[in-house]
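Structural description and commentary
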Amino acid sequence: MTSRNAHTSRTSSGRADVDVLIIGAGISGIGAASHLKSLRPGTTFTVLESRDSIGGTWDLFQYPGIRSDSDMPTFGYGFKPWTDRKSIADGHLIVDYLRQTAQEHGLTEHIRFGHRVLAAEFSSAEGRWTVTAQHSGSRKKVRFTARFLFLGTGMYDHEAGFTPEFAGVEDFAGTVVHPQHWPQDLDYTGKRVVVIGSGATAVTLIPSMARTAGHITMLQRSPSYVFSLPAHDTVAVALRRLLGHKRAHRVIRRKNILFTRGVYKASRRAPKVMRRLLIANVRRQLPRHFDVDTHFTPRYDPWDQRLCVVPDGDLFKAISAGRASVVTDHIDRFTRTGILLKSGQEVSADIIVTATGLTMSPFGKVGLSVDGHPVQPSDTTAYKAMMLSGVPNLAFALGYTNLSWTLKVDLVCEHFCRLLDHMDAYGYGTVVPMVDDPSMELVPYMDLSSNYVRRGIGLFPRAGTRGPWTVEMAYENDVERLRHGPVEHSALKFTAMTPPSSASRPGGAR
């Protein structure tokens, strides 16, 4: 897929035409563009982003205290060391890091902001995708064509979070807000705040809001595992001083990967032991009288759902200082002054935050089709967790659920570039994965028991149980498969390059 030149060309119909069209300018899309720029400098590409700035999820979410729930040396890219002292970093630092990455790799000129992709259709006859996008603030639609489509859209619906139907919500006299749609003018100083939920968003919001709120209550139906980590990694700081950022980066990443994988593997192999250790860690950070059994002892095993990370135990400090409290109960209904619980207790509130989860959505809700036939992601099977069965010239990046998201993105992007190199070397125009084992059992793409996963995973591609069709949340296995393993496989069907037709032959302005 050697580029015709370093710039986007145009078809005879005036459509912008590139080798690779990347959807999304978040951590996955910027990662894909950076890899293309570094590993395949002659490849033309364009990034389409529906928002007006880089950052994806990290630019969208603006609630108080938003931060990473993974360590930044592994959540950052392998090719760009994380240099800030904070290992668990605030959202604005992550956005700054992504912007720096884009600037350093000269990506800004390739990004088309305010372009929401509606549909993408592949033509086997032309060997190209035609992508339709709508420009923000208008009904104007723009079309692009590309040899390959790379979906860096994440797995959440950016338009709507999940809020259950609460009885009596219209009776509440205060303010109800979902973290995904946080009003920037919301003043909670001195107010009574109730945060419904016990996941990563809730444990992030509560310590931040507790600094100025009158009092904040975490109202949960059931507890989650909460794990305290240092916000500043002293070992990483020492290694950077000793080795410099670049060399230290490799060592720190390896250290953090081994630690996180170790915790995960121990949780799966010895769940009772890890359960005791995790809960003992909570007990040490809360007052002796605190009812840890009720409020911080989950019913499920560790890593059946993601662990909630709290830097420097900030949640426990807010509770210990009396600025925050925890109530474990079921909601009966909203009232004018708060929330009535099934137990008969009423929790008073001026502001209620529904940190009740996100809505999963595959591939940014882009309508995919091949030769006029619509593609439902749930009808496809994921090949190497980066391509879709029966869909030509398409790759996607979905990160890990039990490790830093970006570790998987890096591996997928590397393998994607190797795939393009292979196609160039042998003169291939298209590649499509085909399930070659009809007896293979199909399973959900991910097996977390979290409610948001249960609600939405049925819309995603399925995973297989053998060969390249498995989706393993295991970094060491993916390193072997994606970084070191061969590109060719019997499940991949390659076709030779065909000359472009007169309709798609490049021409016009460069």
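Now for a quick tour of the structure.

Calculation notes
- Residues numbered from 1 in each chain as written.
- Predicted model: local features only at pLDDT ≥ 70, side-chain atom pairs only at ≥ 80, totals over all residues.
- Heavy atoms only, no water.
- Pairing = 2+ DSSP bridges.
- Helix = DSSP H or I, 4+ residues; strand = E, 2+ residues; numbered from the N terminus.
- Axes fitted to C-alpha atoms, helices over the stretch in contact; angles between N-to-C directions.
- Buried < 20%, exposed > 50% of the residue type's maximum accessible area, 1.4 Å probe, protein only.
- Polar contact = N/O pair within 3.5 Å; in protein donor to acceptor, adjacent residues only side chain to side chain.
- Contact = heavy atoms within 4.5 Å.
- Phe/Tyr/Trp six-rings, centres within 6.5 Å; stacked < 30°, edge-to-face > 60°.
- Core = buried A, V, L, I, M, F, W, Y, C linked by side-chain atoms within 4.5 Å.
- Disulfide = S-S within 2.5 Å.

Turning our eyes to something else, we now look at the sheet that holds strand E14 (residues 331-334). The strand order across the open sheet formed by 3 strands is E14-E15-E16, and the pairing between neighbours is antiparallel. Since the sheet does not close on itself, it has two edges, and those belong to E14 and strand E16 (346-348), each with one partner. Within this sheet the neighbouring strands show an average axis-to-axis angle of 25°, counted without direction. With 3 bridges connecting them, E14 and strand E15 (residues 338-341) associate as antiparallel partners. Considered in E15, the bridge of isoleucine 331 is made with leucine 341.

Examined against the element boundaries, asparagine 402 turns out to sit in the loop between strand E22 (394-396) and helix H11 (405-426). The exposure class of asparagine 402 is buried, given its relative accessible area of 2%. A polar atom in the side chain of asparagine 402 sits 2.8 Å from the backbone oxygen of methionine 473. When neighbours within four sequence positions are excluded, asparagine 402 is seen to be in contact with Thr260, Arg261, Tyr264, Trp303, Arg306 and Met473.

Taken together, 5 strands build an open sheet; the order of strands is E8-E17-E9-E10-E13 and the sheet is parallel. Single-partner strands in this sheet number two, and they are strand E8 (175-177) and strand E13 (324-328). Ignoring which end each strand starts from, the neighbouring axes of this sheet average 20° apart. Bridge count for strand E9 (residues 192-196) against strand E10 (residues 215-220) is 5 bridges, and the pairing is parallel. Paired with valine 194 across the two strands is threonine 217, which belongs to E10. Relative to the sheet, helix H5 (residues 200-210) contacts E9, E10, E13 and strand E17 (351-354), its axis offset from that of E10 by approximately 165°.

Turning our attention to the packing of aromatic side chains. Counted under the stated rule, the structure contains 21 aromatic pairs. Taken together, a centroid distance of 5.3 Å and an interplanar angle of 55° make the contact between phenylalanine 150 and phenylalanine 416 tilted. With a gap of 266 residues between them, phenylalanine 150 in strand E7 (residues 141-151) and phenylalanine 416 in helix H11 connect regions that are remote in the sequence. Accessibility expressed as a relative area gives 0% for phenylalanine 150, which makes it buried. When its relative accessible area of 2% is taken as the criterion, phenylalanine 416 is described as buried. Both rings, one in phenylalanine 166 and one in phenylalanine 334, keep their centres 5.1 Å apart while their planes meet at 25°; by these two values the pair is stacked.

Let us look at the nonpolar core. Core analysis: the largest hydrophobic core is formed by 134 residues, its most contacted members being Leu149, Phe150 and Phe296. Ranked by residues supplied to this core, first place goes to H11 with 11 residues. Other than its neighbours up to four places away in sequence, leucine 149 contacts Leu21, Ile23, Ala120, Trp129, Val131, Leu368, Asn393, Leu394 and Ala395. Core analysis: the second largest hydrophobic core is formed by 13 residues, Phe166, Phe172, Leu219 and Phe334 among them.

A word on the state of the cysteines. In this structure the tally under the stated criterion is 0 disulfides. Just so you know, cysteine 413 is unpaired, no disulfide at all, and the nearest cysteine sulfur is the one on cysteine 417, 7.0 Å from it. On the basis of relative accessibility, which here comes to 1%, the residue cysteine 413 falls in the buried class.

Before going further, it helps to spend a moment on the environment of isoleucine 88. Considering the arrangement of structural elements, one finds isoleucine 88 in the loop between helix H3 (72-75) and helix H4 (91-104). Taking relative accessible area as the criterion, isoleucine 88 reaches 4% and is therefore assigned buried. On a C-alpha basis, the gap between isoleucine 88 and aspartate 233 in space is 8.8 Å, while along the polypeptide they are 145 residues apart. Beyond its immediate sequence surroundings of up to four residues, isoleucine 88 is in contact with Arg67, Ser68, Ser70, Asp71, Pro230, Ala231, Val309 and Pro311.

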